[in-house]
Amino acid sequence: MDKIMNEQNSVQLGFWKEVKDAADARGEAIFVLAPMANVTDAAFRRMIAKYSRMGQKGGGPDVLWTEFVSADGLCSEKGRVMLVRDLEFDAQTEHPIVAQLFSSNPDKMRQAAALVQSLGFDGIDINMGCPDKTIEKQGAGAAMMRNPKLAREIIRAAKEGAPNIPISVKTRVGYNKVEIDSWIPEVLAENPAVLTIHARTRKEMSDVPARWEHVKEVVALRDKIQSGQAVKTLIFGNGDIVDCVDGNQKVAATGADGVMLGRAIFGNPWLFDRARIAAPSPRERLEVLVEHAKLFTKLLGDVKSFAIMKKHFKAYVAGWDGAKELRAELMETENAEQVSTIVTTYLTKHLANTPQQ
């Protein structure tokens, strides 16, 4: 019993130790993909893994994240049928991968964590920062910052449900104001493997620039709280990172261990490929867009609306003369076949002599 308690009261990095050692060896930050609802789904993750050359020298990300998934829903027979589709991943190309869950019910979190572990995930992340009102009404997401006692119970429940994989937390610097000194120690007391800090409050949403000085404060607080521990919680920063170069600079300035990139990935599955020099040409972007649309239909077409793809169209089709008109045409499509036809016609008519880079 004492051994179990000691393990629960120390940071268990699991696969994160290998990730950290690899990043240190190459002299870079740890780069991870942010979990974004209806964005980082199975189709887009596979595109990112392919075009960012995940697992290859100079490629990335180091770790993938799923969309956030309701632990409560996974515990219901009806909900599980749909939600496990959000947890599908390619075992050949998408490791390491972390499943992100949310809940305010420790029993449900415990059960869902056990399921996630059985599915072969490398880790579990708990969302304690999402400002979505429907999530907060459930007492989950950003609402966790208002109930530290329950938040700690949720972390412990996840560890109990999935004792063989590391548990991490993603949160913000506070709810209505910066509450680093009161909120962050509560999370660190549970020794998560990783703590990702979105450098804004819940009230600020993403409407103000991320303040990375707060990430530096969290790093200092981590070092103080866990000063006597052989292994410390890894700290990742999140917010307004434009690329991996920017991420490395922010890690150097704050002392963080890694960065989580989110919005910068839109229309740019090449984002984590640090060996790539040239920006993708319009032809390349359009050909990858078609591939993405077809993969979305293949993997998720029976459970998700094709309209979800349109937010990607806005990002893929931008930055050259004629992009606006093509984008408007693509926004009227209803399936991948229509997208393919429109893009093929456009490439033949406008970019016939433009080679793919």
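Only a predicted model underlies this, so the values are computations on that prediction, with no experimental measurement involved.

## A short note on the overall build of the chain
Along the chain, the regular secondary structure elements total 15 helices and eight strands. Relative to the 2.2 N^0.38 estimate, which gives 21 Å for 357 residues, the radius of gyration of the chain is 21 Å and therefore close to what a compact globule would have. Considered along the principal axes of its C-alpha atoms, the chain spans approximately 70 × 45 × 40 Å. Scored against the burial criterion, the 357 residues of the chain give a buried share of 55%. Counted over contacts in the chain with a minimum sequence separation of 6, partners at least 24 positions apart contribute 72%. On the chain, roughly 15600 Å² of surface is accessible, and the fraction owed to carbon and sulfur atoms is 51%. Between the centroid of the 47 positive side chains of the chain and the centroid of its 46 negative side chains there is a distance of 2 Å.

## With respect to the sheet that holds strand E5 (residues 167–172)
Taken together, eight strands build an open sheet; the order of strands is E1-E8-E7-E6-E5-E4-E3-E2 and the sheet is parallel. Two strands lie at the open edges of the sheet, namely strand E1 (30–33) and strand E2 (64–70), each paired on one side alone. Along the sheet, successive strands turn relative to each other by an average axial angle of 25 degrees, direction set aside. Pairing analysis gives five bridges linking E2 to strand E3 (residues 97–102), with the strands arranged parallel.

## A closer look at helix H14 (residues 323–330)
Each α-helix winds once per 3.6 residues, and so residues spaced three or four apart point in a common direction. Every buried residue of H14 is accounted for by Ala-323, Leu-326 and Leu-330. End-on view of H14: buried residues confined to an arc of 65 degrees, all on one side of the axis. Facing away from the buried side of H14 by over 90 degrees, the exposed positions are Lys-324 and Glu-325. Against the buried residues of H14 lie helix H12 (282–300), helix H13 (310–316) and helix H15 (336–350).

## Quick look at the confidence of the model for the chain
Taken as a whole, the chain shows an average pLDDT of 94; of its residues, 96% reach a score of 70 or greater. Contacts for the low-pLDDT stretch residues 1–7, under 50 throughout, to residues beyond four places or in other chains number one contact.

## Description of the side chain of Ser-70
Mapped onto the secondary structure, Ser-70 falls in strand E2. The exposure class assigned to Ser-70 is buried, which follows from its relative accessible area of 13%. A polar side-chain atom of Ser-70 sits 2.9 Å from the main-chain amide nitrogen of Gly-73. The contacts of Ser-70, once residues within four sequence positions are left out, are Leu-83 and Phe-102.

## What to know about the pattern of salt bridges
In a structure, side chains of opposite charge can pair up when their charged atoms sit close to one another. Per the stated rule, a full pass over the model turns up 29 salt bridges. Ionic pairing is found between Arg-53 and Asp-273, a salt bridge with its closest N-O pair at 2.8 Å. Of this pair, Arg-53 sits in the loop between helix H3 (42–51) and E2 while Asp-273 sits in the loop between strand E8 (258–261) and H12, and the two are 220 residues apart along the sequence. Measuring nitrogen to oxygen at the nearest pair gives 2.7 Å for the salt bridge that ties Arg-276 to Glu-284. The exposure class assigned to Arg-276 is partly exposed, which follows from its relative accessible area of 26%. Relative accessible area serves as the criterion here: at 5%, Glu-284 is assigned to the buried category.

## Quick word on the packing of aromatic side chains
Tallying each qualifying case throughout the model produces eight aromatic pairs. Seen from their ring centres, Phe-68 and Phe-102 are 5.0 Å apart, and the 40 degrees between their planes marks the pair as tilted. Pair noted here: Phe-68 is in strand E2 and Phe-102 is in strand E3, with a separation of 34 residues, a long-range link. Of the two residues, Phe-68 and Phe-102, neither departs from the other in class, the shared state being buried. For the ring pair Phe-296 and Phe-306, a centre distance of 6.4 Å and an interplane angle of 70 degrees mean the geometry is edge-to-face. Of the two residues, Phe-296 is situated in helix H12 and Phe-306 in the loop between H12 and H13; the sequence distance between them amounts to 10 residues. Judged on exposure class, the residue Phe-296 and its partner Phe-306 are both buried. An aromatic cluster is defined as three or more aromatic residues linked by ring pairs; in this entry it consists of Phe-15, Trp-16, Trp-65 and Phe-236. The ring centre of Trp-212 lies 5.8 Å from the NZ or CZ of Lys-250, which sits over that ring.

## Remarks on the environment of Glu-67
Mapped onto the elements of the fold, Glu-67 is located in strand E2. Along the chain, Glu-67 and Asp-41 lie 26 residues apart, while their C-alpha atoms are 6.2 Å from each other. Ignoring any residue separated from it by four or fewer positions in sequence, one finds Glu-67 in contact with Met-36, Ala-37, Asn-38, Val-39, Thr-40, Asp-41, Arg-45, Asp-86, Gln-100 and Lys-304. At 2.6 Å, the side chain of Glu-67 and the backbone nitrogen of Asn-38 are in polar contact. Separated by 2.9 Å, the side chains of Glu-67 and Lys-304 make a polar contact.

## Describing unusual backbone geometry
It is generally the case that most residues other than glycine have a negative phi and that most peptide bonds are trans. Look at the link from Gly-60 to Pro-61: it is a cis peptide, with omega at 0 degrees. In this model, His-95 is joined to Pro-96 through a cis peptide bond whose omega is -5 degrees. With respect to the helices and strands, the residue Pro-96 is situated in the loop between helix H5 (77–83) and E3. In this model, Met-205 sits at a positive phi of 50 degrees, which is unusual for a non-glycine residue.

Each value, and the rule that gives it
Residues numbered from 1 in each chain as written. Predicted model: local features only at pLDDT ≥ 70, side-chain atom pairs only at ≥ 80, totals over all residues. Heavy atoms only, no water. Helix = DSSP H or I, 4+ residues; strand = E, 2+ residues; numbered from the N terminus. Rg over C-alpha atoms; globule rule 2.2 N^0.38 Å. Buried < 20%, exposed > 50% of the residue type's maximum accessible area, 1.4 Å probe, protein only. Contact = heavy atoms within 4.5 Å. Areas by Shrake-Rupley, 256 points an atom, 1.4 Å probe, with all protein chains shown as cover. Lys, Arg positive; Asp, Glu negative; His and termini not counted. Charge placed at Lys NZ, Arg CZ, Asp CG, Glu CD. Pairing = 2+ DSSP bridges. Axes fitted to C-alpha atoms, helices over the stretch in contact; angles between N-to-C directions. Arc of directions from axis to C-beta. pLDDT = per-residue confidence, 0-100. Polar contact = N/O pair within 3.5 Å; in protein donor to acceptor, adjacent residues only side chain to side chain. Salt bridge = Lys/Arg side-chain N within 4 Å of Asp/Glu carboxyl O. Phe/Tyr/Trp six-rings, centres within 6.5 Å; stacked < 30°, edge-to-face > 60°. Lys NZ or Arg CZ within 6 Å of the ring centre and 35° of its normal.

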